[in-house]
Protein chains: 2
Amino acid sequence: MKVGLDKKAIIEAAASMADEKGVANVTLKVLATELGIKSPSLYKHFSGGLDELNKELMLYGWRSLESEITRAAIGKAKDDAIIEICYAYRSFVSEHKGLFEAMQWYNMYQSEEHLQATHGTVSVMFQVLEAYGLTEEQKVHSVRVLRGFLQGFCAIESHGGYGNPAPLNDTFDFALKTILNGIRDLQGGTEQ
Amino acid sequence: MKVGLDKKAIIEAAASMADEKGVANVTLKVLATELGIKSPSLYKHFSGGLDELNKELMLYGWRSLESEITRAAIGKAKDDAIIEICYAYRSFVSEHKGLFEAMQWYNMYQSEEHLQATHGTVSVMFQVLEAYGLTEEQKVHSVRVLRGFLQGFCAIESHGGYGNPAPLNDTFDFALKTILNGIRDLQGGTEQ
DNA sequence: TTGATAGGCTAATTATATTAGCCATTATAG
DNA sequence: CTATAATGGCTAATATAATTAGCCTATCAA
């Protein structure tokens, strides 16, 4: 019988399955079963098989994240905007652990597709930084630091890698304040 | 014929294979071939199979990193020590991309083993922070920020995720300065 | 020197990915 | 309205990797 699936529905099912069980446990077999079809049928939607599905998950994740942080920044500027973006990033990861794995690890050593995928998210951060009167290079450094911290912190947090009971919210706020200070310092000084 | 392998040799071979081809491409089959044996023989060393091998890789990686950053901090204190540790962390990742993958992603959702594995590395950072006269909680926050940034930055850098041509060294130095400022600010203020 | 253990092997099993080729339903051009 | 193409499903067959079972020999210690 014809279920009538399309790529979008399959990717969303795969994403939520990844969030539940980890992206490594999203097999074509179990995904197909979940969707009420047999695994070979998935090749009608993803001729590239599991690899293509993982790539689509990665792309879908970055698109979703971009959309979340874009929404979060609406009506905000400067520090407020950055803070909202960072909160939105962190929330996104906490709600989409499995998808976040896919975002980071698909195609790790072929950066082209990754660069394209992350472009939107990077652009949003870059735009918000326009308000600070920084040089292009200073903006690049600032975005890199934000991305690096967010990715690492959220990855560690999402798999329970911060064992100490001290509140993670406090750490996150401290980090944001620290990074915002660093960005502010760029404005005056000759540094970097 | 008896090749006479032991766990250590196998793990080291697996680690260097991971660095060359990515940890996902370390299969028992190809690892065994590389070592001059057949894949079922690996079960004599790792009864848990591929999963256990990956776990051992993860543990080996964290042990190695701990040893690197410990060596790097010798004879240094405060900011100098932290800077050396961060440089050593970054160098380690750039030389062990595949191992670093294993360190992050093995057993992602069962934090216990991860917590133990990272304990040494965390301890080194924690000890260096003793010199700053911070509260326990402030030290915890500081270590978390360092870990988060280092893991994220190095992961992104290691797979070419920072596309802009601006020098990554400059970003890294800017980030360290920023974080060190943040830690210094903790000493005086009432913040966090 | 003999017996246990370590460390290899082959053969067989299981699981998933993938390919090939068939078929029904849907949608659309005429 | 109907012929036909495209869509989306299926079964059967193949390939590869992991894993298990059971066998065999070299080494090493009692």
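Details of the structure are given in the entry above.
The structure reproduced in this document is the subject of the present report. Predicted, not measured: the structure shown is a model, and the values here were computed from it.

A tally of helices and strands in chain A yields eight helices and zero strands. Mapped in sequence order, the helices and strands of chain A form the string α-α-α-α-α-α-α-α. If one aligns the C-alpha atoms of chain A with their principal axes, the spans along those axes are about 65 × 40 × 35 Å. Of all 192 residues assigned to chain A, the portion counted as buried reaches 52%. Here the contacts in chain A between residues at least 6 apart in sequence split such that 67% fall between residues at least 24 apart. Roughly 8,700 Å² of accessible area belongs to chain A as shown, and the carbon and sulfur atoms make up 50% of that amount. Counting 19 positive and 25 negative side-chain charges, chain A places the averaged centre of each group 6 Å from the other.

Close to DNA strand D lie 21 residues; Lys2, Lys38, Ser41 and Lys44 of chain A together with Tyr43 of chain B are nearest. At a separation of 2.9 Å, a phosphate oxygen of DNA strand D approaches a polar backbone atom of leucine 5 of chain A. In the environment of DNA strand D, a base oxygen lies 2.4 Å from a nitrogen or oxygen atom belonging to the side chain of lysine 44 of chain A. In terms of residue class, the surface near DNA strand D is built from nine nonpolar, six polar and six charged.

Moving on, we get to the packing of aromatic side chains. On inspection of all chains with the given rule, the structure shows 13 aromatic pairs over all chains. Ring centres 5.3 Å apart and planes at 45° place the aromatic pair phenylalanine 153 of chain A and tyrosine 162 of chain A in the tilted group. Judged by its relative accessible area of 0%, phenylalanine 153 of chain A falls in the buried class. Ring geometry for phenylalanine 149 of chain B and phenylalanine 153 of chain B: centres 5.2 Å apart, planes at 40°, overall tilted. Here phenylalanine 153 of chain B and phenylalanine 149 of chain B lie together in helix α7 (residues 136-158), a separation of four residues that amounts to about one turn. In this structure, phenylalanine 149 of chain B and phenylalanine 153 of chain B share a single accessibility class: buried. In this structure an aromatic cluster arises from ring pairing among Tyr87, Phe149, Phe153, Tyr162 and Phe172 of chain A. One cation-aromatic arrangement involves lysine 78 of chain A over tyrosine 132 of chain A; the distance from NZ or CZ to the ring centre is 5.0 Å. Over the ring of phenylalanine 172 of chain B we find arginine 90 of chain B, and its NZ or CZ is 4.8 Å from the ring centre.

This part takes up helix α3 (residues 49-73) of chain A. End to end, α3 of chain A covers 36 Å across 25 residues, agreeing with the expected 36 Å (1.5 Å per residue, within 8%). Looking at the residues trailing α3 of chain A, positive phi occurs at glycine 75 of chain A, about 75°.

It is worth spelling out the relation of the copies chain A and chain B at this point. It takes a turn of 180° to lay chain A on chain B, together with a shift of 0.0 Å along the axis; the resulting RMSD is 0.0 Å. Each copy turns onto its partner about a two-fold axis. A symmetric contact is evident, with 100% of the interface residues of chain A recurring at the interface of chain B.

What follows deals with the protein's contact with DNA strand C. Around DNA strand C sit 21 residues, and of these Lys2, Gly4, Lys38, Ser41 and Lys44 of chain B come closest. Each atom of DNA strand C within 4 Å of the protein was assigned to sugar, phosphate or base; sugar and phosphate come to 58%. At 3.1 Å from a phosphate oxygen of DNA strand C is found a main-chain nitrogen or oxygen belonging to leucine 28 of chain A. Between DNA strand C and the protein, one listed contact pairs a phosphate oxygen with a backbone N or O atom of lysine 38 of chain B at 2.7 Å.

The subject of this paragraph is the interface of chain A and chain B. Interface size is commonly expressed as the accessible surface area that is lost when the partners come together. Contacts between the two partners involve 51 residues from chain A and, on the opposite side, 51 residues from chain B. With both sides pooled, the region where chain A packs onto chain B buries about 4,300 Å², and carbon together with sulfur makes up 63% of that total. The interface formed by chain A and chain B holds zero salt bridges in total. Applying the counting criterion to the chain A and chain B interface returns 16 residue pairs in polar contact (both at pLDDT 80 or more). Every element with two or more residues in the side of chain A that touches chain B is listed here: α5 (97-105), α6 (111-129), α7 (136-158) and α8 (168-188) of chain A. Looking at which element gives the most residues to the side of chain A that touches chain B, the answer is α7 of chain A, with 15 residues. Looking at the side of chain A that touches chain B residue by residue, the classes come out as 20 nonpolar, 21 polar and 10 charged.

Let's shift gears to helix α1 (residues 7-21) of chain B. Residue and element names in this part refer to chain B. End to end, α1 covers 21 Å across 15 residues, agreeing with the expected 21 Å (1.5 Å per residue, within 8%). What α1 keeps buried is the set Ile10, Ile11, Ala13, Ala14, Ala15, Met17 and Ala18. Glycine 22, located one to two residues past α1, shows a positive phi value of around 90°.

Next up on the list: the pattern of salt bridges. Tallying each qualifying case throughout the model produces 12 salt bridges over all chains. Between glutamate 12 of chain B and lysine 8 of chain B there is a salt bridge, and its shortest N-O distance comes to 3.0 Å. Here glutamate 12 of chain B and its partner lysine 8 of chain B are both found in helix α1, four residues apart, which amounts to about one turn of the helix. On the accessibility criterion, glutamate 12 of chain B (32% relative accessible area) is partly exposed. Here glutamate 130 of chain B ties to lysine 139 of chain B by a salt bridge, and the two come within 2.8 Å at their closest N and O atoms. A residue is classified by how much of its surface remains accessible, and glutamate 130 of chain B, at 42% relative accessible area, is partly exposed. Overlapping salt bridges, with partners in common, bring together Glu130, Glu136 and Lys139 of chain A in one network.

Rules of the game
Residues numbered from 1 in each chain as written. Chains lettered and ligands numbered in written order. Predicted model: local features only at pLDDT ≥ 70, side-chain atom pairs only at ≥ 80, totals over all residues. Heavy atoms only, no water. Helix = DSSP H or I, 4+ residues; strand = E, 2+ residues; numbered from the N terminus. Buried < 20%, exposed > 50% of the residue type's maximum accessible area, 1.4 Å probe, protein only. Contact = heavy atoms within 4.5 Å. Areas by Shrake-Rupley, 256 points an atom, 1.4 Å probe, with all protein chains shown as cover. Lys, Arg positive; Asp, Glu negative; His and termini not counted. Charge placed at Lys NZ, Arg CZ, Asp CG, Glu CD. Near = heavy atom within 4 Å. Polar contact = N/O pair within 3.5 Å; in protein donor to acceptor, adjacent residues only side chain to side chain. Nonpolar A, V, L, I, M, F, W, Y, C, P; charged D, E, K, R; others polar. Phe/Tyr/Trp six-rings, centres within 6.5 Å; stacked < 30°, edge-to-face > 60°. Lys NZ or Arg CZ within 6 Å of the ring centre and 35° of its normal. Expected span 1.5 Å × (residues − 1). Least-squares fit on C-alpha atoms with pLDDT ≥ 70 in both. Buried area = accessible area lost by both parts, 1.4 Å probe. Salt bridge = Lys/Arg side-chain N within 4 Å of Asp/Glu carboxyl O.

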